[in-house]
Amino acid sequence: MTENKVYLRNNTQPHLTVIVPAFNECATIVTTVNNIAEHVAQLSPHWDIVVIDDGSHDQTAQVVRGLSANLQTTLVRFSRNFGKEYAITAGLEHATGDIVICMDADGQHSSELLREMLGKWREGYDMVYAVRQDRESESHFKRWGSRIFYRAISLGGQIHIPRDAGDFRLMDRQVVNALLSLPERNRFMKGIYAWVGYKSIGIPFTPLPRSHGESTFSKLKLMQLAWTGVTSFSVMPLRLASAVGASLAFFAFIYGIYVVIDYLFFNESVPGWPTIVAGMMFFAGVQLLFIGILGEYLARIYDEVKGRPPYIVAEVAKPEINNKNT
């Protein structure tokens, strides 16, 4: 939470846009959209929903096209799966509201929190994010991985990413405009939210049970996302490589002095091949490891200079044409 002076807002009927990234969620998307629509309609007469189909292999897009026009839902369909970070970005680009809210399609983000979020916005906060309170239901891998990730990010010292804060958040239009002004293609949204700043506050929440299926985020995808976050918002790996390299060089220098003194003053022979071979293999491995770290940063530079669009939209279906007979 950022400690800034807040001011009350007088806009009592802001336009609310809820963006919903979806990947293979045909079994839950109707329930989720209906639930969101029911709650946002109570908060303002001006609202709409944007569902971003991130290259689903099931019938998610067809289901969204068939939604009632009363649900005011726009479908943005990607040409293939580009990832949730890019789906959120596409949702922000297609959002027209004074306030934009990001929610998952699996129904785990409670719509009942929207009223509290809007209340914080009226108090003057530009961004209101939900902070997960209970991780006991998660695997040990995710819990320990989360701790290691946030510790690694904090060592970089460039930004402070609130721990256990996800994508479930409310953003003022000026925050959305700031997010869209960032041209980077390797997008780690949690870091970008923190980087743009603005007056922010967290509210506690406990995720609801999934109504259908399981999360499509595998361990490998989580590790890739975490590594993208670390390399995008921290130079810690490079500093660690420099520190280890300097330490090894220091110990090698001390050992070299020891060998020379031992040979000159005690007339003892230099140790044999096993020590030399083991040392060479060790230093070669360390060098290759750090070359790989440098390569990761260079790969991100390469992705940026290519100038490819971060995603391709295959279709945009507006609510007025989703279901003409409704």
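Cut-offs applied
Residues numbered from 1 in each chain as written. Predicted model: local features only at pLDDT ≥ 70, side-chain atom pairs only at ≥ 80, totals over all residues. Heavy atoms only, no water. Axes fitted to C-alpha atoms, helices over the stretch in contact; angles between N-to-C directions. Helix = DSSP H or I, 4+ residues; strand = E, 2+ residues; numbered from the N terminus. Parallel < 35°, antiparallel > 145°, perpendicular 65-115°, else oblique. Left-handed = near helix turned anticlockwise from the far one by under 90°. Contact = heavy atoms within 4.5 Å. Buried < 20%, exposed > 50% of the residue type's maximum accessible area, 1.4 Å probe, protein only. Pairing = 2+ DSSP bridges. Salt bridge = Lys/Arg side-chain N within 4 Å of Asp/Glu carboxyl O. Polar contact = N/O pair within 3.5 Å; in protein donor to acceptor, adjacent residues only side chain to side chain. pLDDT = per-residue confidence, 0-100. Arc of directions from axis to C-beta.

(A) Structural context of the packing of helix 3 (residues 84–94) against helix 6 (residues 173–180). Packing of helix 3 against helix 6 brings their axes to within 10 Å, and their N-to-C directions diverge by 125°. It follows that helix 3 is oblique to helix 6 by the angle criterion. The handedness of the crossing between helix 3 and helix 6 comes out as left-handed. Side by side, helix 3 and helix 6 meet where Thr89, Leu92 and Glu93 of the first sit next to Val176, Leu179 and Leu180 of the second.

(B) Fine view of the pairing of strand 6 (residues 165–172). Of all the 8 residues making up strand 6, 7 are buried; the element is thus mostly covered by neighbouring parts of the structure. Sheet analysis places strand 4 (residues 99–102) next to strand 6, joined by 4 bridges and oriented antiparallel. By the bridge assignment for strand 6, Val100 is matched with Met171. As paired elements, strand 5 (residues 127–132) and strand 6 share 4 bridges and run antiparallel to each other. Note on strand 6: the bridge partner recorded for Tyr129 is Arg169.

(C) A look at the pattern of salt bridges. Taken as a whole and judged by the stated rule, the model has 6 salt bridges. With a closest N to O distance of 2.8 Å, Glu315 and Arg65 form a salt bridge. Taken together, the positions of Glu315 in strand 8 (residues 313–317) and Arg65 in helix 2 (residues 60–65) put the pair 250 residues apart, joining distant regions of the chain. A salt bridge links Arg77 to Glu315; the shortest N-O distance between them is 2.9 Å. Of the two residues, Arg77 sits in strand 3 (residues 73–78) while Glu315 sits in strand 8, which places them 238 residues apart along the sequence. Connected through salt bridges with shared partners, the residues Arg65, Arg77 and Glu315 form a single ionic network.

(D) Inspection of the packing of helix 1 (residues 29–43) against helix 4 (residues 114–122) at higher detail. Two numbers describe how helix 1 lies on helix 4: the axes approach to 10 Å, and their chain directions differ by 35°. Of the two possible hands of crossing, helix 1 and helix 4 adopt the one that is right-handed. Residues His39, Val40, Gln42 and Leu43 of helix 1 pack against Leu114, Arg115, Leu118 and Arg122 of helix 4.

(E) View of the side chain of Ser44. Position of Ser44 relative to the elements: it lies in the loop between helix 1 and strand 2 (47–53). Looking at Ser44, its side chain comes within polar contact range of the main-chain oxygen of Pro14, at 2.6 Å. Here His46 takes part through its backbone nitrogen, which lies 3.2 Å from a polar atom of the side chain of Ser44. Each residue touching Ser44, except ones within four places of it in the same chain, is listed here: Gln13, Pro14 and Leu16.

(F) Examining the sheet that holds strand 4 more closely. Spatial strand order, 7-5-6-4-1-2-3-8: 8 strands in an open sheet with mixed pairing. With partners counted over all chains shown, the strands left at the sheet margins are strand 7 (200–205) and strand 8, one partner each. In this sheet, adjacent strand axes meet at a mean angle of 20° when their direction is disregarded. Relative to strand 7, strand 5 runs parallel, the two being bridged by 6 bridges. Bridge pairing in strand 7 links Tyr129 to Gly202. Across the face of the sheet, helix 4 comes into contact with strand 1 (16–22), strand 4, strand 5, strand 6 and strand 7 while running at roughly 50° to strand 6. The strands touched by helix 6 within the sheet are strand 4, strand 5 and strand 6, with strand 6 carrying the most contacts at an inclination of about 115°.

(G) How the structure looks around the confidence of the model for the chain. Mean pLDDT for the chain: 76, with 66% of residues reaching 70 or above. Within the chain, strand 4 carries the highest mean pLDDT (91), whereas helix 11 (residues 319–322) carries the lowest (58). Across residues 321–326, where pLDDT falls below 50, the model places 13 contacts with residues more than four positions away in sequence or in other chains.

(H) Quick look at helix 6. Taken together, the buried positions of helix 6 are occupied by Val175, Val176, Ala178 and Leu179. Down the axis of helix 6, the smallest arc covering the buried residues is 160°, so these residues share one side. Taken together, the buried residues of helix 6 touch helix 3, strand 4, strand 5, strand 6 and helix 7 (189–196). Between the side-chain oxygen of the N-cap and the backbone nitrogen of Gln174 there are 3.1 Å, and the N-cap of helix 6 in question is Asp172.

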